[in-house]
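Each chain, written out:
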Amino acid sequence: MVARTRFDADPCPVARSVNAIGDWWSLLIVRDAFDGSRRFGEFHRSLGIAKNILTARLRALEEAGVLRGAPAADGGSRREYLLTDKGRALFPVIVALRQWGEEQCFTTGEEHSRLLDRRTGRPLRSLQIQSADGRQVGPDDTVVEKVRQTESA
């Protein structure tokens, strides 16, 4: 088996994010947690993932501080997996992936799930990236300031 490349010390925020939640199973587990899944069996039924892979992904999400394992609220012997503040902060990422998927991965008129505002029952407005002064910006309007790499002695 090929060892997975780690990005724990990479100066790029995207690389570190991918390191924490970058495989599809982890993102789908987080999606399901936002949708109300809490127990191993709920994630397993929803995803159809092998139990050993699900166990590994849940453990990795706990280690990354995205989920927190806790005794089940009903007092049973089972555990529940709850989003931490760090996990809840992934909400805009999940919404961005959902909205991109709605726009790019479905044909016109093809049925798909929708994310609705609980209060109004209406779909959310598309996410927009804005500069500090409120202007909408796109890829051509931004530049990445690289961190200068220092040589190790």
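Quick caveat: nothing in here was measured; it's all calculated off a predicted structure.

What counts as what
Residues numbered from 1 in each chain as written. Predicted model: local features only at pLDDT ≥ 70, side-chain atom pairs only at ≥ 80, totals over all residues. Heavy atoms only, no water. Salt bridge = Lys/Arg side-chain N within 4 Å of Asp/Glu carboxyl O. Helix = DSSP H or I, 4+ residues; strand = E, 2+ residues; numbered from the N terminus. Buried < 20%, exposed > 50% of the residue type's maximum accessible area, 1.4 Å probe, protein only. Core = buried A, V, L, I, M, F, W, Y, C linked by side-chain atoms within 4.5 Å. Contact = heavy atoms within 4.5 Å.

As for the pattern of salt bridges
Enumeration over the complete set of coordinates arrives at 6 salt bridges. Between Arg-39 and Asp-74 there is a salt bridge, and its shortest N-O distance comes to 2.7 Å. Note that Arg-39 is positioned in the loop between α2 (24-34) and α3 (40-47) and Asp-74 in the loop between β1 (67-71) and β2 (79-83), a separation of 35 residues in sequence. Relative accessible area serves as the criterion here: at 55%, Asp-74 is assigned to the exposed category. Note that Asp-133 and Arg-135 form a salt bridge whose closest N and O atoms lie 3.2 Å from each other. Among the ionic contacts, a cluster of salt bridges with common partners joins Arg-39, Asp-74 and Glu-80.

What about the nonpolar core?
Ranked by size, the top nonpolar core spans 17 residues in total, and within it Ile-29, Val-30, Phe-43, Leu-58, Leu-61, Val-66 and Leu-67 carry the most contacts. Mapped onto this core, the elements with two or more residues apiece are α2, α3, α4 (51-63) and β2. Apart from residues lying up to four places away in sequence, Ile-29 is in contact with Phe-43, Leu-47, Leu-54, Arg-57, Leu-58, Leu-61 and Leu-67.

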